[in-house]
Amino acid sequence: MNNRAGDYNQTFVWLQRTSTRDSSYGQRQETFTPSSTVLWGHLEDLSGAERIDYGFRQTSTDCKIRIRGYPAVNAKDRLQHKVTGELYGIDAVTKTPNMQEIVVYCTRQVQP
């Protein structure tokens, strides 16, 4: 499938995950550092869910984001929509055979 530049009409900030050990107790701490690379993509909602956790309503949406180019995005990284500020936790990344885009499967993280 050939994609035109206009197909990638949304911008995302790539939040790269790093994991370090806490010096006090040795527990792993995750931090997400914004990359200077602007990612152009196309967002598609796949499905939605709602559940109650610890007395609070939690909603989430499974999404697919096609990202132009071949950035080294990994599972467990995050993407942040530049306009809406919404966060997307990356579950899986696949590379297309045409080497023009990657497909990111993720969950929109809605904060209560």
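Remember, predicted model here, so these are calculated numbers, not experimental data. (Residues numbered from 1 in each chain as written. Predicted model: local features only at pLDDT ≥ 70, side-chain atom pairs only at ≥ 80, totals over all residues. Heavy atoms only, no water.)

**As for the state of the cysteines**
Joining two cysteines, a disulfide is a covalent bond between their sulfur atoms. With the rule as written, the count across this model stands at 0 disulfides. Not engaged in a disulfide, the cysteine C63 finds its nearest cysteine sulfur in C106; these two sulfurs lie 5.0 Å apart. Judged by its relative accessible area of 1%, C63 falls in the buried class. (Disulfide = S-S within 2.5 Å. Buried < 20%, exposed > 50% of the residue type's maximum accessible area, 1.4 Å probe, protein only.)

**Structural notes on the nonpolar core**
Ranked by internal contacts, the top residues of the largest apolar core, which has 14 residues, are F12, L39, I65, I67, L79, Y88 and V104. Within the residue set of this core, elements represented by two or more residues are β1 (10–21), β2 (28–53), β3 (56–68), β5 (87–95) and β6 (101–109). Beyond its immediate stretch of four places on either side in the chain, F12 contacts T37, V38, L39, G41, L43, I65, L79, Q80, H81, K82 and Y88. (Core = buried A, V, L, I, M, F, W, Y, C linked by side-chain atoms within 4.5 Å. Helix = DSSP H or I, 4+ residues; strand = E, 2+ residues; numbered from the N terminus. Contact = heavy atoms within 4.5 Å.)

**Brief notes about unusual backbone geometry**
Phi at K76 is positive, roughly 85°, even though this residue is not glycine. Of note, K76 is situated in the loop between β3 and β4 (78–81). Using a relative accessible area of 53% as the deciding quantity, one classes K76 as exposed.

**Let's talk about the packing of aromatic side chains**
Summed over all chains, the structure comprises 1 aromatic pair. Its guanidinium or amino end placed over the ring of F32, R78 lies 3.9 Å from that ring's centre, counting from NZ or CZ. (Phe/Tyr/Trp six-rings, centres within 6.5 Å; stacked < 30°, edge-to-face > 60°. Lys NZ or Arg CZ within 6 Å of the ring centre and 35° of its normal.)

**A look at the pairing of β6**
Of all 9 residues in β6, 7 are buried; the element is thus mostly enclosed. Direction of pairing for β5 relative to β6: antiparallel, over a ladder of 8 bridges. Paired with A92 across the bridge in β6 is Y105. (Pairing = 2+ DSSP bridges.)

These figures come from the coordinates and say nothing about function on their own.
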